[in-house]
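One-letter residues, chain by chain:
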Amino acid sequence: MVIVACLLLPSVGVMLYGMILVEDWLARTSQPPRHARARHLRLIQGGGQGSGAHARTGRRGADAA
């Protein structure tokens, strides 16, 4: 019984891996969704536009904290 289980374990692993590949292949679409766009990392809001936090709120950096 243990020998049969040890012999079947690799085949079950390969079968599960194959099923994952087939599932990903079937779920893949040919084109990205229309609303998809490139992701941008924004560390500071409005960083490239010259408007900082003190310009929006009228406060100076010394007033913070």
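Novice: Would you mind going over the overall build of the chain in detail, with residue names and values included?
Specialist: From N to C terminus, the chain includes two helices and zero strands. Here the chain holds 65 residues, and 0% of them are scored as buried. Split by element, the accessible area of the chain, about 7,000 Å² in all, is 62% carbon and sulfur.

Novice: Give a detailed account of a nonpolar patch on the surface, specifying residues and quantitative values.
Specialist: A cluster of nonpolar side chains, Val4, Leu8, Val12, Met15, Leu16 and Met19, forms an exposed patch at the surface whose accessible area comes to about 560 Å². Topologically, Leu8 is positioned in helix H1 (residues 2-27). With relative accessibility at 48%, the residue Leu8 sits in the partly exposed group.

Novice: Account for H1, with residues named and values stated.
Specialist: Here H1 spans 37 Å end to end across 26 residues, near enough to the 38 Å set by a 1.5 Å rise per residue. A maximum bend of about 30° is found in H1 at Leu8, where proline Pro10 lies one to four positions downstream.

Reading the values: the criteria
For every chain, the first residue of the written sequence is number 1, and numbering continues from 1 onward in sequence order. With the structure being a predicted model, the display of local features is reserved for residues of pLDDT at least 70 and the display and counting of side-chain atom pairs for 80 or more, all residues being used for whole-chain, interface and lining totals. The basis for every side-chain value is the complete set of heavy atoms in the structure, and neither hydrogens nor water enter the calculation. Only DSSP runs of H or I with at least four residues qualify as helices, and only runs of E with at least two residues qualify as strands; both kinds are numbered from the N terminus onward. Three labels apply to residues, based on accessible area from a 1.4 Å probe with only protein chains included: buried if under 20% of the type maximum, exposed if over 50%, partly exposed otherwise in between. In these tables, accessible area is a Shrake-Rupley quantity obtained with a 1.4 Å probe, and a residue counts as shielded only by the protein chains included in the view. For patch detection, residues must exceed 30% relative accessible area and be free of salt bridges, and they are connected within 9 Å for like charges or within 5 Å for nonpolar side chains (Val, Leu, Ile, Met, Phe, Trp, Tyr). A pair is scored as a salt bridge if a Lys or Arg side-chain nitrogen falls within 4 Å of a carboxyl oxygen belonging to Asp or Glu. Residue count minus one, scaled by 1.5 Å, sets the expected span of a helix. Throughout, the bend at a residue refers to the angle made by two axes, fitted to the seven residues ending there and to the seven starting there.

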